[in-house]
Amino acid sequence: MKTLLSFALTLSIFSGLFGQTDAIDKFFQSYQNDENFTMVYVSPRMFQMVSKVMEGQDDQEIKELVKDIKGLKILTTEKTPLAYYNEAIKKIPTSQYQVLMTVRDKGSNVKFLTKESKSDVIEELLLLVGGEDSFVLMSFVGQLDLNKIGKLAKKLDLNGAEFLENLDKK
Amino acid sequence: MNNTEINNLLNKYWNAETNIHEELKLKEYYNSGKVAEEHQDAAPLFQIFKMESSINASNIEIKAPTETLARESRVYQLNKSWRAIAAVFVIALASIFVVKSTLNTGNTSKKATIVNVEDPEEALAYTKMALAMVSKNYRKGSDKLSIGMENVNKMNIIK
Amino acid sequence: MRNETIIKALEGYKDKLYRFSLKIVGNQFDAEDVLQELMIKVWKKREDFAQIENQEAWCMTVTRNLCIDKIRKRKGDTKDISDYHTISDRSPTPDIIAEDKESLSMVMKLLNELPQNQKEIIHLRDIEGYTYKEISEIIGLTEEQVKVNLFRARQKFKEKIKHLNLQR
């Protein structure tokens, strides 16, 4: 009962916090009763706290990006990833998103979808990855600058291992 | 220029018989703000020409792409290790989920495992990991779009 | 060829290259990408670049090829090229009054609906002011074909405008 309650509570928080992107929210919700899925939610409130944690550390590039992110949602599963990938492509309302990039590489499919405001600045970024091992859907809400993401790629090449160490400590 | 001249020019224009000089005259006329009523019909067309010709690439910097090339080649060299790193990222991601789901043993109903991140440090870790995936795939995509060194080498320069 | 010379040359026509690219690919992101790719191409070939008679036309041709490659790569995406926001989505400058807007968007629509060749030719001629010879060089048609296509495109406008006028 307690779990159910907290679950309901969490739900209501999510729907409130991510109200502005309800289309993709509905998509997430549609997998809530599927035990094969794992969802991660990082709320806007959490991002406010994150920016405090980041003060005095971390690279400028990462700071720059993180400060503009308002919400992060991750949906992932290891069961029949390609099937879920294709399902997701069909379910996501394409009228609201633009395909930024499609990559097919050694049996894995990657798609970037964006909801744009002006030029390079995007309001929401969706990343869909459907590989042999896992399906991942990520939704970043906020003002994301593609140029910054491009720059970050360079940084992360060097720092990737370090991130990993930090994660392993968890 | 009187109206008859403009009419003649317009007729020639529609028939693709105007030379560049005459077309310039027409553009000047339509941009002058003193367009006679009988010529108003074609005004939107010339307005669009004017608007489109004012688009500029001021945000694009022309520079020798040596810096870019150097960076791309390094990315390319790192590509292999990057793949390995990315794979471990996914494993790390999965292991966090496993920990979370075992903690959540009370949940026997058939629900997705929901992780509501409540710790800023953890939130940051997730975000970095997520961004790493994004930028990795973004880079991969950009490479495919032939910005990357790999493709530059293959480029058939003058067709 | 010295870097500064190339930079100066490219600076001279980057607006034209960008506009042409934008016209074909239909969105800023890809258009900017195309220009970056063009720069790489030019620098890879910088020794030969000096030998090119009409560098501007050459750059326009390469830009066009890069755009076409880009569109081809995009095929297979869930959305069609035409779904990308194009220049037509840009609202005209605010000083344009409302009644003008309607006829403007009609003409803009017509412009966007032209066959690819005609669209490019109208762009190169009416927006950039290239000669038939230059246009034929850039898009790889004969001067005669360029003329015929330009004629067809302009006749379409003439008809449409007459039609608009009758409706008033």
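It should be emphasised that the depicted structure is a prediction, and the values quoted were computed from it without experimental measurement.

A. Structural detail: the overall build of chain A. If you tally the helices and strands in chain A, you get six helices and six strands. Looking at chain A as a whole, 42% of its 170 residues qualify as buried. Across chain A, the fraction of contacts at a sequence separation of at least 24, relative to all contacts at a separation of at least 6, is 59%.

B. Spatial organisation of the confidence of the model for chain B. Residues and elements named next belong to chain B. Averaged over every residue, the pLDDT of chain B is 68; the share at 70 or more is 58%. Averaged pLDDT values over the elements of chain B bottom out at 34 in helix H6 (residues 149-154) and peak at 94 in helix H2 (residues 20-31). Predicted confidence for residues 68-88 stays below pLDDT 50, and this span has 19 contacts to residues more than four positions away or in other chains. Of the regions scoring below 50 in pLDDT, residues 146-159 engages in 28 contacts with residues more than four places distant in sequence or in other chains. Among the prediction metrics, the complex's ipTM stands at 0.82, with pTM recorded as 0.48.

C. Summary view of the packing of helix H6 (residues 116-127) of chain C against helix H7 (residues 132-139) of chain C. All names here are of chain C. Where H6 meets H7, the axes come as close as 10 Å, and the angle between the chain directions of the two elements is 140°. The orientation of H6 with respect to H7, classified from their angle, is oblique. Pair H6 / H7 crosses with right-handed handedness. For the pair H6 and H7, the contacting residues are Glu120, Ile121, Leu124 and Arg125 in the first and Ile135, Ile138 and Ile139 in the second.

D. Region of the structure containing helix H1 (residues 3-14) of chain B. Along its twelve residues, H1(B) runs 16 Å from first to last C-alpha, staying within 8% of the 16 Å computed at 1.5 Å per residue. Ala16(B) lies just past H1(B) and shows a positive phi near 55°.

E. Main features of the nonpolar core. Core analysis: the biggest nonpolar cluster contains 59 residues, and Met39(A), Val42(A), Leu126(A), Leu127(A), Met138(A), Tyr126(B) and Ala130(B) have the highest contact counts within it. Per element, the largest residue contribution to this core is eleven residues, and it comes from helix H5 (residues 120-144) of chain B. Not counting the four nearest positions on each side in its chain, Leu126(A) is found in contact with Ile24(A), Tyr97(A), Leu113(A), Leu137(A), Met138(A) and Ser139(A). Formed by 48 residues, the second largest nonpolar core is a distinct cluster that contains Tyr30(B), Met39(C), Ile40(C) and Phe157(C).

F. Unusual backbone geometry, seen in detail. Even without being a glycine, Thr80(A) presents a positive backbone phi close to 30°. Turning to its location among the elements, Thr80(A) is positioned in the loop between strand S2 (69-77) and helix H5 (81-91). The exposure class of Thr80(A) is partly exposed, given the 13 C-beta atoms found within 10 Å. The backbone phi angle of Ala16(B) is positive, close to 55°, even though this residue is not glycine. Locating Ala16(B) in the fold gives a position in the loop between H1 and H2. C-beta crowding within 10 Å serves as the criterion here: with 19 such atoms nearby, Ala16(B) is assigned to the partly exposed category.

G. Summary view of the pairing of S2(A). All names here are of chain A. Most of S2 sits out of view: nine of its nine residues are buried. Bridge count between strand S1 (residues 37-42) and S2: six bridges; the pairing is antiparallel. Paired with Met39 across the bridge in S2 is Leu75.

H. Local environment of the environment of Thr63(C). Residue and element names in this part refer to chain C. Mapped onto the fold, Thr63 is located in helix H4 (residues 55-74). Residue Thr63 is classed as buried on the basis of its 26 C-beta neighbours within 10 Å. Each C-alpha atom of the pair Thr63 and Ala31 lies 9.3 Å from the other, and the pair is 32 residues apart in sequence. Each residue touching Thr63, except ones within four places of it in the same chain, is listed here: Leu17, Phe20, Ser21, Val34 and Leu38.

I. Representation of the packing of H1(B) against H2(B) in the model. Residue and element names in this part refer to chain B. Between H1 and H2, the least distance of the axes is 10 Å, while the angle of their chain directions is 120°. Here H1 lies oblique to H2, going by the angle between them. Along this stretch, H1 crosses H2, giving a crossing that reads as left-handed. For the pair formed by H1 and H2, the contact residues are Ile6, Leu9, Lys12 and Tyr13 on the first element and Glu22, Glu23, Lys25, Leu26 and Tyr29 on the second.

J. Spotlight on the pairing of S1(A). Most of S1(A) is tucked away: six of the six residues are buried. Here S1(A) shows two buried faces, one formed by Phe37(A), Met39(A) and Tyr41(A) and the other by Thr38(A), Val40(A) and Val42(A). Two elements, S1(A) and strand S1 (residues 113-116) of chain B, share four bridges in a ladder whose sense is parallel. What sits directly across from Tyr41(A), in S1(B), is Asn116(B).

K. Region of interest: helix H4 (residues 60-68) of chain A. For H4(A), the complete set of buried residues consists of Ile62(A), Leu65(A) and Val66(A). One side of H4(A) holds all its buried residues, which, seen down the axis, span an arc of 95°.

L. The confidence of the model for chain A, seen in detail. Residues and elements named next belong to chain A. The share of residues in chain A with pLDDT of 70 or more is 68%, and the mean pLDDT across the chain is 72. When pLDDT is averaged over each helix and strand of chain A, the minimum, 46, is found for helix H1 (residues 2-17) and the maximum, 87, for S2. Here residues 158-170 is modelled with pLDDT under 50, and outside its nearest four sequence neighbours on either side it reaches 16 contacts, counting other chains as well.

Scoring rules and cut-offs
Residues numbered from 1 in each chain as written. Chains lettered and ligands numbered in written order. Predicted model: local features only at pLDDT ≥ 70, side-chain atom pairs only at ≥ 80, totals over all residues. Helix = DSSP H or I, 4+ residues; strand = E, 2+ residues; numbered from the N terminus. Buried ≥ 20, exposed ≤ 12 C-beta atoms within 10 Å, placed from the backbone. Contact = placed C-beta atoms within 7 Å. pLDDT = per-residue confidence, 0-100. Axes fitted to C-alpha atoms, helices over the stretch in contact; angles between N-to-C directions. Parallel < 35°, antiparallel > 145°, perpendicular 65-115°, else oblique. Left-handed = near helix turned anticlockwise from the far one by under 90°. Expected span 1.5 Å × (residues − 1). Core = buried A, V, L, I, M, F, W, Y, C linked by C-beta atoms within 7 Å. Pairing = 2+ DSSP bridges. Arc of directions from axis to C-beta.

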